[in-house]
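Geometric and topological summary
Chain by chain, the residues run as shown.
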Amino acid sequence: MKLFGFMILVLSAGFVAAKLDLSRGRNGGTSCMVCSALLVLVEQLVEFKNSTVVKTVEGLCDILPEEAHFPCKEALEYLGPSLIKLIAHKNGPDVVCHALNFCHTDPGASVCRTITPPLETSKLPFELKVAKAKALIAPHLKKFPKGIKICDIPGISMICNWVNRSTSDRTPLIDFDEDGFSPSMTYRGSAWRGKDCSDVINSVHPGAIPQDKDTLFDTNCNGIYGIDKETKKSYEEELCSHSHPRGVATLGDSISAHFSFPPNWIDATKISVEAFKPLPLVIEDESDWPMLGSFTGHGTNNWTSVIQGPIDSIYNRMVDRNRCNHRDYQNIAINGEDSFNVHEVMKTLSRNQKSDRPLLLFIVLVGNDVCQGKTQDLSAMTTPKQMHENTLITLDYLENRLPKGSSVVILGLADGRPLYETMAERIHPIANFWGGFTYSQFYDYLNCMEASPCPAWLNSNATARNAAAKRVQELNLTLKKLSEKRKNHYSNFNLYFLDDPLDAVLDDWKKAGRKVWELVEPSDGFHSNQLGQALTAKAIWEALEANHPEVLGPVNPYNEVIQKLFGDQGGF
């Protein structure tokens, strides 16, 4: 598969962290950012590999998986001649993307600049550079009319459709019995929810109350079934019935979904065939890794070429506590989710009050209620009154959805100020070869494009960051008071509030002499990385053990027996 077409796709997915929205931002928005990032990468590769522009561009396609060979070839045929000529004349990424009309400057807006290549020596005004670049490709300019979008390009349009398909629904794409669970991994399948052990029987799925005590068939997919020949009892009854099994679910945003965009895809010094092998998975799972995250992480990390670090999760710990909980997890999280939009995604939670087991559900909306809007303006952020009203709607819905005996834990929003403080002066991986492009400049570029994932936190203006922190305190106080006031209000679940675990994680990390940036995703400088996700799970678990151990259920004394009889219980 050609890297050319694919890089445009994945960079788009990475910047937007959601369904492709080419109308987002200003000055060319997403299309401009993707073009600029691609050109930064290609120009560095030319120098890093000490190769010609033609060889570099043509060779880019060889490192990607087979699925994108055809769309990449189409994209390369369409864009290649113009790009090769523009790059060869050392115009620089910003000039090239303005010349191709993917970028422009809106009336009254500032020119948004990315990286100036070290070899660029021209002192001409930016507008004149763009005019000269357009003259270079005059015969091809009709291919690039004003207002052109990245997804308008032949080949790339196919990849954009692939991205849109992966984010078009929040329920499993393959789910023949429509029980909300799938035997397939991606497209909201078993990476997100426990693997369905029968996709033709609606009542058979993870978390179900066993039918006929699972004497003949595993109806809840936890791998435990059959009859003990000595006692004549079913194993499910003997090993699980008195252990109060329960599932784990999270209702949240990109932190819960574990958004992670591979940094070695945008680092000219690290790009490789091996790194791009997980490409289909990344697209089909929306650049999210719920199977490795804090709440529903499970199994083994088979993608170490792009993501490294330990797996620790609430679900894993719940299974260690009681192996009857195997496969009973649901990650109902979406990149960009806030307390308003969660009302729609929560309806995709699969739980039947009468025929399913209780659930330990976490509401984790870490930041988007203060990350809304195009700027750091407080007026765009959720107010305490709105947070109160939105949360009540969510809780009332859960009261009519969760089985009796469930628990709901609301986590507070995070204070994101440490992000800028730890990342600002570090070099972003997209400029690892050239250097000279810090996260502070990266954040400013995203804000200039009005496409930052969180202008409140990723901002060089300390006053704006402090104002956002004050709003977070107000929203957390609202959530805490609401939880205390209504803790005995619901009949089907108990309600709890936990402070955001980030403070505890960072305090312990710094006491150990480590740096905060070691816990942050390199590509976006915003989300927690694999190590940060694992430490978050540990902090939440310890807080629950210390303050609310009842939500975890008892330790099952038959765990060793289960493991001896059923091994990995069918795995994942």
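Above this note sits the structure.
Read on for a plain summary of the structure. (Residues numbered from 1 in each chain as written. Predicted model: local features only at pLDDT ≥ 70, side-chain atom pairs only at ≥ 80, totals over all residues. Heavy atoms only, no water.)

What follows concerns the sheet that holds strand 2 (residues 329-333). If you trace the 5 strands from one edge of the open sheet to the other, you get 2-1-3-4-5, paired in parallel fashion. This sheet does not close on itself; its edge strands, each paired only once, are strand 2 and strand 5 (493-498). When the angles between neighbouring strand axes are averaged without regard to direction, this sheet yields 15°. Looking at chain direction, strand 1 (residues 247-252) and strand 2 are connected through 5 bridges and run parallel. Paired with Thr250 across the two strands is Asn331, which belongs to strand 2. Lying on the sheet, helix 16 (residues 462-485) is in contact with strand 4 (406-411) and strand 5; it crosses strand 5 at an angle near 150°. (Pairing = 2+ DSSP bridges. Helix = DSSP H or I, 4+ residues; strand = E, 2+ residues; numbered from the N terminus. Axes fitted to C-alpha atoms, helices over the stretch in contact; angles between N-to-C directions. Contact = heavy atoms within 4.5 Å.)

Before going further, it helps to examine the pattern of salt bridges. Tallied over the entire structure, the rule returns 15 salt bridges. Measuring nitrogen to oxygen at the nearest pair gives 2.7 Å for the salt bridge that ties Arg170 to Glu286. Residue Arg170 is located in the loop between helix 7 (156-166) and helix 8 (235-240), and its partner Glu286 is located in the loop between helix 10 (279-284) and helix 11 (314-321); the two are separated by 116 residues in the primary sequence. Across the salt bridge formed by Arg188 and Glu286, the nearest N and O atoms sit 3.1 Å from each other. You can see Arg188 sitting in the loop between helix 7 and helix 8 and its partner Glu286 sitting in the loop between helix 10 and helix 11, a full 98 residues away along the chain. Note on accessibility: Arg188 and Glu286 belong to one class, buried. One connected set of salt bridges, linked through shared partners, spans Arg170, Arg188 and Glu286. (Salt bridge = Lys/Arg side-chain N within 4 Å of Asp/Glu carboxyl O. Buried < 20%, exposed > 50% of the residue type's maximum accessible area, 1.4 Å probe, protein only.)

Looking now at the nonpolar core. Counting 125 residues, the largest nonpolar core has Phe102, Trp289, Leu361, Val408 and Trp457 as its most contacted members. Take this core: its biggest share by element is 12 residues, from helix 2 (residues 29-48). If we skip the residues at most four places from it in the chain, Val408 touches Leu361, Ile363, Leu395, Leu398, Leu402, Phe493, Asn494, Leu495 and Tyr496. Within the second largest apolar cluster, 21 residues are counted, among which are Val248, Phe295, Val319 and Tyr329. (Core = buried A, V, L, I, M, F, W, Y, C linked by side-chain atoms within 4.5 Å.)

Taken as a whole, the second largest pocket holds about 510 Å³ of empty space. Lining the second largest pocket are 24 residues, and of these Pro263, Lys270, Val520, Glu521 and Pro522 lie nearest its centre. Looking at the lining of the second largest pocket residue by residue, the classes come out as 11 nonpolar, 8 polar and 5 charged. (1 Å grid on protein atoms, 1.4 Å probe; cavity = no way out; pocket = protein on both sides within 12 Å on 5 of 7 lines; lining within 4 Å. Points joined across faces, edges and corners; volume = space filled by probe spheres on them. Nonpolar A, V, L, I, M, F, W, Y, C, P; charged D, E, K, R; others polar.)

The next thing to look at is the packing of helix 11 against helix 18 (residues 530-547). Remark: helix 11 packs on helix 18, axes separated minimally by 9 Å, with the N-to-C direction vectors making an angle of 50°. Viewed along their axes, helix 11 and helix 18 adopt a mutual orientation that is oblique. Every residue of helix 18 that contacts helix 11 at Ile314, Arg317, Met318 and Arg321 is listed here: Ala537, Lys538, Ile540, Trp541 and Glu545. For the contact of helix 11 with helix 18, a count of residues per class yields 5 nonpolar, no polar and 4 charged. (Parallel < 35°, antiparallel > 145°, perpendicular 65-115°, else oblique.)

Turning to helix 18, a few remarks are in order. Residues three or four positions apart in an α-helix share a direction because the helix packs 3.6 residues into each turn. The end-to-end C-alpha separation of helix 18 is 26 Å, in line with the 26 Å expected for 18 residues at 1.5 Å each. Residues Gln530, Gly532, Gln533, Ala534, Thr536, Ala537, Ala539, Ile540, Trp541 and Leu544 constitute the buried set of helix 18. The N-terminus of helix 18 is capped by Asn529, whose side-chain oxygen sits 3.2 Å from the backbone nitrogen of Leu531. (Expected span 1.5 Å × (residues − 1). Polar contact = N/O pair within 3.5 Å; in protein donor to acceptor, adjacent residues only side chain to side chain.)

Three or more residues of helix 17 (residues 502-511) are buried, namely Val505, Leu506 and Trp509. Each buried residue of helix 17 lies within a common arc of 90° when the element is viewed along its axis, so the set occupies one face. Check the buried side of helix 17 and you find it contacts helix 14 (417-423) and helix 18. Phi turns positive one or two residues past the end of helix 17, at Gly513, with a value near 80°. (Arc of directions from axis to C-beta.)

The backbone of Lys90 shows a phi angle near 50°, a positive value even though the residue is not glycine. Considering the arrangement of structural elements, one finds Lys90 in the loop between helix 4 (69-88) and helix 5 (93-99). Of note, Asn101 is a non-glycine position whose phi angle comes to about 70°, a positive value. Within the secondary structure, Asn101 sits in the loop between helix 5 and helix 6 (126-136).

Okay, empty space enclosed by the protein next. This model, assessed by the stated rule, comprises 6 cavities of 30 Å³ or more. Looking at the largest cavity, its volume works out to about 490 Å³. As for the largest cavity, its lining consists of 30 residues, and the residues nearest its centre are Ile255, Val366, Ala414, Leu502 and Phe526. Of all the elements in the fold, those that place two or more residues in the lining of the largest cavity are helix 9 (254-257), helix 14, helix 17 and helix 18.

Moving on: the state of the cysteines. By the definition in use, this model includes 7 disulfides. Disulfide pairing is shown between Cys32 and Cys103; the S-S distance is 1.9 Å. The chirality of the disulfide connecting Cys32 with Cys103 is right-handed, given an S-S dihedral of about 95°. Remark: Cys103 occurs in the loop between helix 5 and helix 6 and Cys32 occurs in helix 2; sequence separation between them is 71 residues. On the basis of relative accessible area, Cys32 is assigned to the buried category, the value being 2%. For Cys103, a relative accessible area of 3% corresponds to the buried category. (Disulfide = S-S within 2.5 Å.)

The next subject is the pairing of strand 5. Burial of strand 5 is extensive: 5 of the 6 residues sit out of reach of the surface. Here 6 bridges tie strand 4 to strand 5, and the two strands are oriented parallel to one another. By the bridge assignment, Leu411 is partnered in strand 5 with Leu498.

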